[in-house]
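Now for the letters of each chain:
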Amino acid sequence: MTWSEEEYVGYLHGERRCYAWVMRRHGGLTPHQAWQAAVERYPYEPSDEPHRGLLFHDEAWHWAMLALYGARYTVEHPELIEPSAEYRALD
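Quick notes on the rules
By convention here, each chain's residues receive numbers from 1 onward along its written sequence. Side-chain atom pairs in this predicted model are given and counted only at pLDDT of 80 or more, local residue features only at pLDDT of at least 70, and totals for whole chains, interfaces and linings cover all residues. With hydrogens and water stripped out, all remaining heavy atoms of the structure feed into the side-chain values. When a carboxyl oxygen of Asp or Glu lies within 4 Å of a side-chain nitrogen of Lys or Arg, that pair is called a salt bridge. Secondary structure is summarised from DSSP: a helix means a run of H or I of at least four residues, a strand means a run of E of at least two, and numbering begins at the N terminus for each. For the exposure calls, accessible area comes from a 1.4 Å probe over protein chains only, and a residue counts as buried if that area is under 20% of its type's maximum, exposed if over 50%, partly exposed in between. Two rings from Phe, Tyr or Trp (for Trp, the six-membered ring) form a pair when their centres sit within 6.5 Å of each other. Planes less than 30 degrees apart are called stacked, planes more than 60 degrees apart edge-to-face, and all others tilted.

Draft legend 1. Molecular detail of the pattern of salt bridges. One pass over the structure, following the stated rule, counts 4 salt bridges. With a shortest N-O distance of 2.7 Å, R52 and E5 are connected by a salt bridge. Taken together, the positions of R52 in the loop between α2 (31–41) and α3 (60–69) and E5 in helix α1 (residues 5–25) put the pair 47 residues apart, joining distant regions of the chain. R52 sits in the buried class, given a relative accessible area of 9%.

Draft legend 2. How the structure looks around the packing of aromatic side chains. This structure, assessed with the given rule, holds 10 aromatic pairs. Consider the rings of Y42 and F56, whose centres lie 6.2 Å apart with planes at 25°: the pair is stacked. Of this pair, Y42 sits in the loop between α2 and α3 while F56 sits in the loop between α2 and α3, placing them 14 residues apart in sequence. Considered together, Y42 and F56 belong to a single accessibility category, that of buried residues. Site record: aromatic cluster; members linked through ring pairs are W3, Y8, Y11, Y19, Y42, Y44 and F56.

Have a look at this one:
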């Protein structure tokens, strides 16, 4: 996908915000810790990066659940497969 810089940065910020929310709500991290985790998960990629934005193929909910509960979260925590209504309201 070809992103304008404005589109990419906007999407990056939105995914970071959602990831940080999950890490606070479900992971018990402080706001600062959650934001740091989000920045680490979603680093800025320069415009010449060939796979820029590939991380966006799954939403922040999924990446946060993997970080918190591991690859088997869908088996061990089936209630977390779908994002919560609170998470959906972030958009």
